[in-house]
Amino acid sequence: MTERRPLIAGNWKMNCLRADGLALASSLAAKASEKGELGCDVLVCPPATLLSEVAGVTKDSAVAVGGQDCHAAISGAHTGDLAAPMLADIGAQYVLVGHSERRADHGESSTDIRKKATSAHDAGLIAVVCVGETEEERDLGATLSVVNGQVAVSLPDGATAQNTVVAYEPVWAIGTGRTASVQEVAEVHAAIRAELVARFEDGDQFRILYGGSVKPSNAAELLGVEDVDGALVGGASLKVDDFWKIIEACA
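Residues numbered from 1 in each chain as written. Predicted model: local features only at pLDDT ≥ 70, side-chain atom pairs only at ≥ 80, totals over all residues. Heavy atoms only, no water.

K.L.:
Any chance you could break down the pattern of salt bridges for me, citing the residues and the numbers?
P.N.:
Using the criterion set out here, one finds 16 salt bridges in the structure. Between D229 and R193 there is a salt bridge; the shortest N-O distance is 2.9 Å. Placement of the pair is D229 in the loop between helix 9 (216-223) and strand 8 (230-233) and R193 in helix 8 (residues 182-199), with a sequence separation of 36 residues. Summarising the burial analysis for this pair, D229 and R193 share the class buried. Through salt bridges with shared partners, one network takes in R4, R193, D227 and D229. (Salt bridge = Lys/Arg side-chain N within 4 Å of Asp/Glu carboxyl O. Helix = DSSP H or I, 4+ residues; strand = E, 2+ residues; numbered from the N terminus. Buried < 20%, exposed > 50% of the residue type's maximum accessible area, 1.4 Å probe, protein only.)

Structure, rendered in C-alpha cells:
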C-alpha cells in the first residue's frame, strides 16, 4: 500500500470577520507549534478578505493556507474574481476548485474547473479539486458515474500527486448533519482511486479527502477507511477544539 500523508483541510466558507478569523488562525498555529510533529498536513481556507493576514499569522507554523476559489485567467476584466497568481502572491499554497457550492451557486462545470486547476498549477498552487453527487443522483444510482465523470473532466492532464488533491463531498452530506456510511465512502473512494490509477502514472499517490459533516465524533472512523487520505471539513473547522480533534484523529 502506498503511504500518503493525510491532509486535514478546513473550509471556512463565508464565515469569520477579521477578529474571529485571526483568533482562530492564531490558535491553530499555536497548537501546531506546541504539538511539534503532526501526523498530517493541515490547511485552512479562509474567505478572501482574511487570506493575507491569516497567511502572515500561520507563516512559521505547520498550518498552510489556501484560497476558496480562483479564476481561470491570470488577469483581466473579471470584477470580483481572484487570479491564482494573486493567491500565491499573498502566501497561499493551495486553492479549492469545483466545490459543490460553486458548481451549484455559480453554474461552474467540470470543464470550468479543469481550467481553474490548470491556472492554479501554473501559479505553483496545489489544487484541491472537489467532486460529489447530489441526493437525487445518489437515489438514481448514478453516484459512481457522476463522480467518475467529474474526476475525468475536472482534472487536467498536468495533474500530479504533488500539485493536486481530490476531495469527495457528497452534496447531500454537506452541512446537513448526514454523513455517508463507511461502506458508501469506501465504494466511492475506491472508484476515484481506480480512475486516477488508470489515467495518471502516480495515480496511487494522489490524496483523496472525504468531506461532508466531518466532526470529532466520526473523524477516526472515516479516516480509517481505505483510500481516505484526510478530510475537507466545513463547520467543525470554525471551532478550534473540534478541528484539532479531527487533526488528532490522524495520529
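There is more to say, and it comes next.
K.L.:
How would you summarise the packing of helix 1 (residues 18-35) against helix 10 (residues 240-248) if you had to cite specific residues and measurements?
P.N.:
Where helix 1 meets helix 10, the closest approach of the two axes is 10 Å, and the angle between their N-to-C directions is 35 degrees. The two elements helix 1 and helix 10 cross, and the hand of that crossing is right-handed. On helix 10, the residues that touch L24, S27, L28, K31, A32 and K35 of helix 1 are V240, D241, F243 and W244. A class-by-class count of the residues in the contact of helix 1 with helix 10 yields six nonpolar, one polar and three charged. (Axes fitted to C-alpha atoms, helices over the stretch in contact; angles between N-to-C directions. Left-handed = near helix turned anticlockwise from the far one by under 90°. Contact = heavy atoms within 4.5 Å. Nonpolar A, V, L, I, M, F, W, Y, C, P; charged D, E, K, R; others polar.)

K.L.:
Pulling in residues and values, what's your account of helix 1?
P.N.:
The end-to-end C-alpha distance of helix 1, which contains 18 residues, comes to 26 Å, matching closely the 26 Å that a straight helix rising 1.5 Å per residue would cover. Inspection of helix 1 places G21, L22, L24, A25, L28, A29 and A32 among the buried residues, and these make up the whole buried set. Buried positions in helix 1, seen along its axis, are confined to an arc of 160 degrees and lie on one side of it. Across from the buried face of helix 1, at angles greater than 90 degrees, the exposed residues are A19, D20 and E34. (Expected span 1.5 Å × (residues − 1). Arc of directions from axis to C-beta.)

K.L.:
So what about empty space enclosed by the protein? Which residues, and what values?
P.N.:
Per the stated rule, a full pass over the model turns up one cavity of 30 Å³ or more. In this structure, the largest cavity spans a volume of roughly 30 Å³. Taken together, G98, H99, S100, R103, C130, V131, G132, E169 and V171 make up the full set of residues lining the largest cavity. Among the elements of the structure, helix 4 (100-105) and strand 5 (126-131) are those that each provide at least two residues to the lining of the largest cavity. Here the residues of the lining of the largest cavity are counted per class, giving three nonpolar, four polar and two charged. (1 Å grid on protein atoms, 1.4 Å probe; cavity = no way out; pocket = protein on both sides within 12 Å on 5 of 7 lines; lining within 4 Å. Points joined across faces, edges and corners; volume = space filled by probe spheres on them.)

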